[in-house]
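Structural overview for review
So the chains spell out like this:
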Amino acid sequence: EIGAAWRNFSGASNDTVLWNLAREEGKRAPTLSPEQALAKMAPVPGFEVRLTASEPMIQQPIAFCWDDRGRLWVAENRDYEARNRGFSGGAGRSRILILEDTDGDGRMDTSKVFLEGITFPSAIAVGFDGLWLGAPPNLLFVPDRNHDDRAATEAIEVRLTGWGIRDRHEVINSLTWGPDGWLYGCQGYATPSHVGKPADGGRLYRAGEPFP
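Treat the numbers as computed from the prediction; the structure is a model and nothing was measured.

Focus on the overall build of the protein chain
For the protein chain, the count of helices and strands is three helices and 10 strands. Starting at the N terminus and walking to the C terminus, you meet the elements of the protein chain as α-α-α-β-β-β-β-β-β-β-β-β-β. In terms of overall dimensions, the protein chain has C-alpha extents of about 60 × 45 × 35 Å along its principal axes. Of the roughly 13200 Å² that the protein chain leaves accessible, carbon and sulfur atoms contribute 54%. With 23 positive and 29 negative side-chain charges, the protein chain shows a spacing of 6 Å between the two charge centroids.

Remarks on the side chain of S94
When you line up the elements, S94 lands in the loop between β2 (72-76) and β3 (95-100). What makes S94 buried here is its relative accessible area of 1%. Here the side chain of S94 touches E76 through a polar contact of 3.5 Å, landing on its backbone oxygen. Excluding anything up to four places from it in sequence, S94 contacts E76, N77, R78, D79, E116, G117, I118, F120 and P121.

Remarks on the sheet that holds strand β5 (residues 123-126)
Within the open sheet, the four strands sit side by side as β5-β6-β7-β8. Their pairing is antiparallel. Only two strands of the sheet have a single partner each, and these edge strands are β5 and β8 (157-161). Neighbour-to-neighbour, the strand axes of the sheet open up by a mean angle of 20°, direction not taken into account.

Section: the sheet that holds β2
Within the open sheet, the four strands sit side by side as β1-β2-β3-β4. Their pairing is antiparallel. Sheet topology places β1 (61-66) and β4 (110-116) at the edges, where each strand pairs with a single neighbour. For this sheet, the mean angle separating the axes of adjacent strands, direction not counted, is 25°.

Cut-off values and rules
Residues numbered from 1 in each chain as written. Predicted model: local features only at pLDDT ≥ 70, side-chain atom pairs only at ≥ 80, totals over all residues. Heavy atoms only, no water. Helix = DSSP H or I, 4+ residues; strand = E, 2+ residues; numbered from the N terminus. Areas by Shrake-Rupley, 256 points an atom, 1.4 Å probe, with all protein chains shown as cover. Lys, Arg positive; Asp, Glu negative; His and termini not counted. Charge placed at Lys NZ, Arg CZ, Asp CG, Glu CD. Buried < 20%, exposed > 50% of the residue type's maximum accessible area, 1.4 Å probe, protein only. Polar contact = N/O pair within 3.5 Å; in protein donor to acceptor, adjacent residues only side chain to side chain. Contact = heavy atoms within 4.5 Å. Pairing = 2+ DSSP bridges. Axes fitted to C-alpha atoms, helices over the stretch in contact; angles between N-to-C directions.

So this is what it looks like as structure tokens:
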């Protein structure tokens, strides 16, 4: 019924036609610099938009969060373009960055790599001396108990597992801490998942490996 209502509204007899038209229009659209994109934005009265970070400081961001020092943590998902081939087509270059505005001008001016090599990161939240990282099929805890801003990769824990990846747009996402101290998150409806604690302690998956 929704599809019929849309076709009646749009006058299109085939949704695929509209999708292809939109895709071709996107290919022809000019690439804007961060400053040009900012100039085209029209925020509602009372709000303003400022440029905080852009390429090449960050590339292919898919998730972000803030820590208690006002630093911006960014998950760069560089495996996304190979998503139709599981992990086998990815280069394994995904990483987690920490960006900081050291002079208080609202612009991030330093960047450091917290973690790299985890395939398909899609959700992050900082807390409990480490990073909570959604990377299907796992929810990982990546400790940094000495607070040196480097992941203790030898101590990564698989806390939960079983998230699917059938539709790469619909994986685990949007981790956030609730006022009750619980960690909340979302998953899209089109990816079947069977989540639970790993019976064998779980395992990390690397580029080139098949998705379980």
